[in-house]
Amino acid sequence: MSELISRVQSDPVLMISAAIGVVILLFVVLVVVVASMRVKTYKDRYIDVKVDNEAKEKRIVTLEEEMKALQIKNAQNEQELQQFDDTKKRLAKTAEVLEKTQKEFAALQTLQGRTQTELDQLREQYEALKGAHSALNERMETLHEENSKLRVNNARLLMKLETEERFSSQIQQRKKQQTNQKGENE
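No experiment lies behind these values; they were computed from the predicted model shown. Once a new chain begins, its residue numbering starts again from 1 and follows that chain's sequence as written. In keeping with the predicted nature of the model, local features appear solely for residues at pLDDT of at least 70, side-chain atom pairs appear and are counted solely at 80 or more, and the whole-chain, interface and lining totals rest on all residues. The basis for every side-chain value is the complete set of heavy atoms in the structure, and neither hydrogens nor water enter the calculation.

This part is about the overall build of the protein chain. Counting from the N terminus, the helices are DSSP H or I runs at least four residues long and the strands are E runs at least two residues long. Helices and strands together make up the secondary structure of the protein chain, namely two helices and zero strands. Each radius of gyration reported is based on C-alpha atoms, and the globular scaling rule is 2.2 Å times the count of residues to the power 0.38. Relative to a compact globule of 186 residues, whose C-alpha radius of gyration would be 16 Å, the protein chain shows 74 Å and is clearly more extended. Along the first, second and third principal axes, the C-alpha atoms of the protein chain reach 245 × 25 × 20 Å. Shrake-Rupley sampling with a 1.4 Å probe provides the accessible areas, and residues are treated as covered by the protein chains on show and by no other component. Put simply, the protein chain shows about 17700 Å² of open surface, and 59% of that area lies on carbon and sulfur atoms. Here the protein chain holds 30 positive side-chain charges and 30 negative ones, and the gap between their average locations is 3 Å. Only four residue types enter the tally: Lys and Arg on the positive side, Asp and Glu on the negative side, with His and both chain ends excluded. Charged side chains are reduced to one point each, which is NZ for Lys, CZ for Arg, CG for Asp and CD for Glu.

We now examine the pattern of salt bridges. Basic side-chain nitrogens of Lys or Arg form a salt bridge, by our definition, when they fall within 4 Å of a carboxyl oxygen of Asp or Glu. Counted according to the given criterion, the structure contains two salt bridges. In this structure, Lys103 and Glu99 form a salt bridge, with 3.5 Å as the shortest nitrogen-oxygen distance. Of this pair, Lys103 and Glu99 both sit in helix 2 (residues 12–185), separated by four residues, roughly a single helical turn. Remark: exposure states derive from per-residue accessible area (1.4 Å probe, protein chains only) relative to the maximum for the residue type, with buried under 20%, exposed over 50%, and partly exposed in between. Relative accessible area serves as the criterion here: at 44%, Glu99 is assigned to the partly exposed category.

What follows concerns the environment of Val152. Relative to the elements of secondary structure, Val152 occurs in helix 2. Separated by 89 residues in sequence, Val152 and Leu63 have C-alpha atoms that sit 123 Å apart.

Nothing here speaks to function; it is geometry throughout.
Take a look at the structure:
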């Protein structure tokens, strides 16, 4: 190798050629070094990007699952919201019906109060009329008894009167006969 170095030093063309060769070699080594550094950098970047992508894919899968869960929950919430709206409408209708029923109840209570008052008054009237009826029944019985007594008296009096009339007519006939006999005797 020393021989080669001495020959290169003695010949300028060879020296330029060696220098160009060394420069080219250095250039190639530099290109190889730079390329290998770039390859290493790209490899590191690739590994980083791959790890990053895997992490992102896991994150995306997780987010998609969460999104599906949220979509399901959102659908359930929308359904519950719809049911809530329906319930709210039913509640409003029920409130209207309740209000109407309360008004009807109040009216019926008022009517029941008046009816109860009228019933109490009618009961009082009934009791008064019942008492009056009992009194009138007693009075009627008394009057019937008196009427019966008076009829009996009237019947007796009529019988006496008839008897008296017969008796008086007999007396008058006897008087007429006696007057007639006296008139004939004279």
